[in-house]
Amino acid sequence: LSIGASSEVDSDAINLFIARSQQINHRFDPSIEINIIRQICETLKGYPLAIELAASWVRTLSCAEILGDVDLLASNAPDLPERHRSMRAAFEHAWALLDSDQQRGLRRLAVFPTVFGSDAARQVADISLSTLASLVDRSLIAQNGSGLYQIHELLRQYALEKLQDNQSRTPKSNIALAMHALMQGNLNRVGELADELMTNAYDDYSVDKGFALALRSVLVGVKGNYEQSI
């Protein structure tokens, strides 16, 4: 299939969409919907991650349906830089199509600033291997040759917003947030989350309460060392 560049998007973007689509659906025939594929890439301004996210839905949606959803979700918010508008639209589109387990897992995985393994994902995010694999399949997380996982930084920030804004956070989500706050050196936030875990602990022997006590011990140690150093 020969694809020429247009004034709006180059052939690399279209080829990326086709390559990713054929990985997801081996029966995908780009010649049938090449003009719609070009429109999808133009709508997404040629940004690779946004294109991969859109292409990841060819198993369940036609290209015309993908284009319709992307068009509807395109943002005109005046406070967003132009280069981020299509990206956020793609994230919103992808997020809306995830089930609750996938959303919960992706929110919690956002606390990892770099690569992480499957064991860490299960311990921190309480995510199953099948859900982890489904997020890889959706291009929402990547797996390298060493078997480690990573979330694209822009998507990680988006998922982290979802974790922080979630009004019905579970203790597991609070633990993930506390770990992120600790890595960021935000000790006040760590203390707040430890208090919340203590308040909502089911009983004196729960894992949540044990983690909250551990956080408080870390805070005492860190603050104590800091006070001794000044």
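Structure's up top.
## Notes on the packing of aromatic side chains
By the definition in use, this model includes 5 aromatic pairs. Geometrically, the ring pair formed by F91 and Y158 is tilted, given 5.5 Å between the ring centres and 45° between the ring planes. In this pair, F91 sits in helix 5 (residues 82-96) while Y158 sits in helix 9 (residues 153-165), placing the two residues 67 residues apart along the sequence. Classification of Y158 as buried rests on a relative accessible area of 3%. Ring centres of F112 and F116 lie 4.6 Å apart, and the angle between their planes is 20°; on these two criteria the pair is classed as stacked. Comparing F112 with F116, the two get one shared label, buried. Of the aromatic side chains, those joined through ring pairs into one cluster are F91, W95 and Y158.

## Regarding the packing of helix 1 (residues 11-24) against helix 3 (residues 48-55)
Two elements in contact, helix 1 and helix 3, have axes separated by 9 Å at closest approach and are oriented at 35°. For the crossing formed where helix 1 meets helix 3, the hand is right-handed. Contacts from A13, L16, F17, R20, S21 and I24 of helix 1 reach helix 3 at P48, I51, E52, A54 and A55. Of the residues in the contact of helix 1 with helix 3, the class split is 8 nonpolar, 1 polar and 2 charged.

## Focus: the pattern of salt bridges
Between side chains of opposite charge, a pair can form as their charged atoms come close. Scanning the entire structure with this criterion turns up 4 salt bridges. In this structure, R104 and D101 form a salt bridge, with 2.3 Å as the shortest nitrogen-oxygen distance. Of this pair, R104 and D101 both sit in helix 6 (residues 100-109), 3 residues apart, roughly one helical turn. For R104, a relative accessible area of 28% corresponds to the partly exposed category.

## Concerning helix 6
For helix 6, the tally of buried residues reaches 7 of 10 residues, placing the bulk of the element in the interior. Buried residues of helix 6: Q102, Q103, G105, L106, R107, R108 and L109, and no others. Two to three positions downstream of the cap, the backbone nitrogen of D101 sits 3.1 Å from a side-chain oxygen, assigning the N-cap of helix 6 to D99.

## Considering the packing of helix 6 against helix 9
Relative orientation of the contacting elements helix 6 and helix 9 amounts to 105°, with a least axis distance of 7 Å. Considering the angle they form, helix 6 stands roughly perpendicular to helix 9. Facing helix 6, whose interface residues are L106, R107 and R108, helix 9 presents A159, K162 and L163. Residues of the contact of helix 6 with helix 9, tallied by class, amount to 3 nonpolar, no polar and 3 charged.

## So, the nonpolar core
Core analysis: the largest hydrophobic core is formed by 60 residues, its most contacted members being F17, I37, I40, L106, L109, L135 and L140. With 6 residues, helix 3 is the largest single contributor of residues to this core.

## Digging into the environment of L140
Looking at where L140 falls in the secondary structure, it is placed in the loop between helix 8 (129-137) and strand 1 (142-143). When the C-alpha positions of L140 and I151 are compared, they lie 6.8 Å apart, and in sequence the two are 11 residues distant. For L140, the residues in contact, after removing those within four places along its chain, are L53, A94, L98, L106, L135, I151 and L155.

## Structural notes on unusual backbone geometry
Backbone geometry places D126, a non-glycine residue, at a positive phi of 55°. Tracing the backbone shows D126 in the loop between helix 7 (118-125) and helix 8. Here S139, not a glycine, exhibits a phi torsion of approximately 65°, which is positive. If you trace the backbone, S139 turns up in the loop between helix 8 and strand 1.

## Here we look at helix 7
Where helix 7 is concerned, the buried positions are A121, V124 and A125. Seen end-on, helix 7 carries its buried residues on one side only, within an arc spanning 85°. Taken from the residues just after helix 7, D126 is the one with a positive phi, measuring 55°.

What counts as what
- Residues numbered from 1 in each chain as written.
- Predicted model: local features only at pLDDT ≥ 70, side-chain atom pairs only at ≥ 80, totals over all residues.
- Heavy atoms only, no water.
- Phe/Tyr/Trp six-rings, centres within 6.5 Å; stacked < 30°, edge-to-face > 60°.
- Helix = DSSP H or I, 4+ residues; strand = E, 2+ residues; numbered from the N terminus.
- Buried < 20%, exposed > 50% of the residue type's maximum accessible area, 1.4 Å probe, protein only.
- Axes fitted to C-alpha atoms, helices over the stretch in contact; angles between N-to-C directions.
- Left-handed = near helix turned anticlockwise from the far one by under 90°.
- Contact = heavy atoms within 4.5 Å.
- Nonpolar A, V, L, I, M, F, W, Y, C, P; charged D, E, K, R; others polar.
- Salt bridge = Lys/Arg side-chain N within 4 Å of Asp/Glu carboxyl O.
- Polar contact = N/O pair within 3.5 Å; in protein donor to acceptor, adjacent residues only side chain to side chain.
- Parallel < 35°, antiparallel > 145°, perpendicular 65-115°, else oblique.
- Core = buried A, V, L, I, M, F, W, Y, C linked by side-chain atoms within 4.5 Å.
- Arc of directions from axis to C-beta.

Geometric descriptors of this kind do not, in isolation, establish any biological role.
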